[in-house]
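# Coordinate inspection notes
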Amino acid sequence: MTASSLSPRAVRDKLEQNPRLLLIVGIVLRAITYCFLEPKNPDRHLQVIQFIVDYGRLPATADMGEGQQPPLYYLLGAVVWKLSGSEKVVQLLSLAFSIATLVVLYWLITKTPLIESSAARYYSLLLACFLPQFVVFGLFLSNDSLTILVGCLMFAQAYRFTESPGWRQLLLLAALTGFGLATKPSLLLFLPVLSVLVFSITYRVTRLWRRSFLAVFTFIVVVSALGGYKYIDNYVRYRNPMANVLDARFHFANVPGHAAGYRGIRSFLDVNILHLLASPSLSASTQHAYPLMFYATFWYPHILESSFWGSQRKPLSYLGSVIYILGLFPSFLIFVGMLWYFKHLPDLRSAFVLYGETDRLLIMRYAAVLVLSALCLSLMAATLRYHDWTVPVGRLVFPALFGVLVAFSRGVEVFRSNWRAMAALMFNMRALAAVFLVYFLMEYSLIVLREWFPGLRTLIKAL
């Protein structure tokens, strides 16, 4: 092995030519991050697991902050917690889910034609492998890890159903959707899109209304049977299947403070990114600027929610400013891609009529983008209702990250003929991936310094 073969350019070329190497690097990054990251975040998911172990039943929404969540992740976690008594061992579940999520995204990105160009596939895989929030939130002792995995699996199974409609693929899709509803309420937003997909494709293949309605009915029954427990429990107890801790009736102590500082319509229109560049971590200038909160919490750990707190202290926090700047171009392409899909929405009807290979791909891309859009609209509606700055956070769309990548891919295609834009994108995405890795290396190093060299803690705190 020569020195030239280990140069940054040679390594980059190998990763571009062999995406499997990029997948391996992404898996290794998650394994190393697991070793350094403390299991818990402020949401106290372990409290739910402990409640199940102690009382032998599922908590009601009013029992605790995360009592609002469906039970699937916590039942799995309770088994591991009961057997091991170790938070770090329970966190292994999240590591397994995170790696599985990356493998599913790798399959969707590189083994299906849903992401159109080779450049878009490479850049999409870069984001899936290295996006800090996506990596970290997949590794907490939290239902987010399973939620993100099931969301990605639902897209993968929906693609398989469009390619091979039949009862077997339909029942697999229904089972995954049911597991999604049993994991987190946000995955309910997959249900209307997938129901329309099931009906439309079944009718297109069979030309029978009765068969199409039967397929949707079967889909909804299986989903409800597997995922309906929490919503039925909420209705029985509170006459509201979507009861949650933001409702005034539950009086959780932290909720009123989250709405303090709400600035009316200005909170929804403040897109002055200069506030983020000056204050990369959560501050009064960003806390109630909801578009900024969404943008910042998608690209970077804007809120202190983990043991990776080195990035919260200046001047190290200005690494976030660099990420916010580099995130502008891909965010613009995602926005352009979503606009393209909505502008060409009439093409979806033609795709169902013609139903060739290209049409099936377009249908699946629209399904991904529509799920993403539904998630974004639900976050906007919840923010309008509760004025809570913890609602419009970017990580909540990670179950629909594939929809983000589909929109990004279309944005790349829109500018593909402009060589200047493509050259800028190449530089931008490589720089972004490099800064992501610098972020992780910085956090690892700070943890090593403060844990292995206690005498340096004072110096670290002074940074």
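A brief structural summary. Here the residue numbering is sequential within each chain, running from 1 through the sequence in written order. In keeping with the predicted nature of the model, local features appear solely for residues at pLDDT of at least 70, side-chain atom pairs appear and are counted solely at 80 or more, and the whole-chain, interface and lining totals rest on all residues. Side-chain numbers come from the whole structure's heavy atoms, not from hydrogens or water.

### A short note on the overall build of the protein chain
Runs of E in the DSSP output that reach at least two residues are strands. Runs of H or I that reach at least four are helices, and both are numbered from the N terminus. The helix and strand inventory of the protein chain stands at 24 helices and zero strands. A compact globule built from 463 residues would reach a C-alpha radius of gyration of about 23 Å, and the protein chain, at 22 Å, matches this within 12%. Seen through its C-alpha atoms, the protein chain measures out along the principal axes to roughly 75 × 60 × 50 Å. Residues count as neighbours in contact if any of their non-hydrogen atoms are within 4.5 Å of one another. Sequence-distant contacts, at least 24 apart, represent 73% of the contacts inside the protein chain between residues at least 6 apart. All accessible-area figures derive from a Shrake-Rupley calculation using a 1.4 Å probe, and residue coverage is judged against the displayed protein chains alone. Carbon and sulfur atoms form 67% of the exposed surface of the protein chain, whose accessible area is close to 20300 Å². Positive: Lys, Arg. Negative: Asp, Glu. His and the chain ends are not part of the count. Taken as the charge location is NZ of Lys, CZ of Arg, CG of Asp or CD of Glu. Charge-centre separation for the protein chain: the mean point of 40 positive side chains lies 4 Å from the mean point of 22 negative side chains. The globule rule used here is 2.2 Å times the number of residues to the 0.38 power, and the radius of gyration it is set against is calculated over C-alpha atoms.

### What about the packing of aromatic side chains?
Two aromatic rings, drawn from Phe, Tyr or Trp (for Trp, its six-membered ring), form a pair once their centres lie within 6.5 Å of each other, and the interplanar angle then sorts them: stacked below 30 degrees, edge-to-face above 60, tilted otherwise. By the definition in use, this model includes 25 aromatic pairs. Each ring, one from Tyr300 and one from Tyr324, has its centre 5.8 Å from the other, and the planes form 85°; the classification is edge-to-face. Of the two residues, Tyr300 sits in the loop between helix H17 (290-299) and helix H18 (318-326) while Tyr324 sits in helix H18, which places them 24 residues apart along the sequence. Exposed residues in this analysis have more than 50% of their type's maximum accessible area, buried residues have under 20%, and partly exposed residues fall in between, with area computed by a 1.4 Å probe over protein chains only. A residue is classified by how much of its surface remains accessible, and Tyr300, at 0% relative accessible area, is buried. Between the aromatic rings of Tyr341 and Tyr366, the centroid separation amounts to 5.1 Å while the plane-to-plane angle is 80°, which identifies the pairing as edge-to-face. Here Tyr366 lies in helix H21 (residues 357-386) and Tyr341 lies in helix H19 (residues 328-343), a separation of 25 residues in the sequence. Assessed through its relative accessible area of 2%, Tyr341 is described here as buried. When its relative accessible area of 2% is taken as the criterion, Tyr366 is described as buried. Among the aromatic side chains, those forming a connected cluster through ring pairs are Phe36, Tyr295, Tyr300, Phe308, Tyr324, Tyr439, Phe440 and Tyr444. Either the NZ atom of lysine or the CZ atom of arginine qualifies as a charge over a ring when it sits within 6 Å of the ring centre and within 35 degrees of the ring normal. A cation sits over an aromatic face here: Lys88 above Tyr34, 4.4 Å from the ring centre. For Arg410, the ring lying beneath its charged end belongs to Trp340, and the centroid distance is 4.1 Å.

### What about H19?
Its 16 residues give H19 an end-to-end C-alpha distance of 22 Å, which sits within 8% of 22 Å, the value for a rise of 1.5 Å per residue. Those residues of H19 not exposed but buried are Pro330, Leu333, Ile334, Val336, Gly337, Met338 and Tyr341. Helix span, expected: 1.5 Å multiplied by one less than the number of residues in the helix.

### Some remarks on the packing of helix H9 (residues 167-181) against helix H10 (residues 190-206)
Helix-helix packing: each pair is described by the crossing angle between the helix axes and the interaxial distance. Relative orientation of the contacting elements H9 and H10 amounts to 170°, with a least axis distance of 12 Å. Considering their axes alone, H9 and H10 lie roughly antiparallel with respect to each other. For the pair H9 and H10, the contacting residues are Leu170, Leu173, Thr177 and Leu181 in the first and Leu191, Leu194 and Val198 in the second. Residues are grouped as follows: nonpolar covers Ala, Val, Leu, Ile, Met, Phe, Trp, Tyr, Cys and Pro; charged covers Asp, Glu, Lys and Arg; every other residue, Gly included, is treated as polar. Here the contact of H9 with H10 is built from residues that sort into six nonpolar, one polar and no charged. Whenever a helix is involved, its axis is fitted only over the stretch in contact; in every case the axis is a line through C-alpha atoms, and angles between N-to-C directions fall within 0 to 180 degrees. Throughout this description, any angle smaller than 35 degrees is read as roughly parallel, any larger than 145 degrees as roughly antiparallel, any in the 65 to 115 degree range as roughly perpendicular, and the remainder as oblique.

### Remarks on the nonpolar core
One finds Ile49, Phe155, Phe219, Trp299 and Phe402 to be the most contacted residues of the largest nonpolar core, which totals 138 residues. In terms of residues, this core owes the most to one element, helix H23 (residues 419-452), which gives 15 residues. Not counting residues within four places of it along the chain, the set of residues in contact with Trp299 comprises Leu127, Leu131, Pro132, Gln133, Ile323, Gly327, Pro330, Ser331, Leu432 and Phe436. Formed by six residues, the second largest nonpolar core is a distinct cluster that contains Phe268, Met293, Ile303 and Trp389. By nonpolar core we mean a set of buried residues, namely Ala, Val, Leu, Ile, Met, Phe, Trp, Tyr and Cys, connected to one another through side-chain atoms within 4.5 Å.

In short, the description is geometric, and any link to function would need to be established separately.
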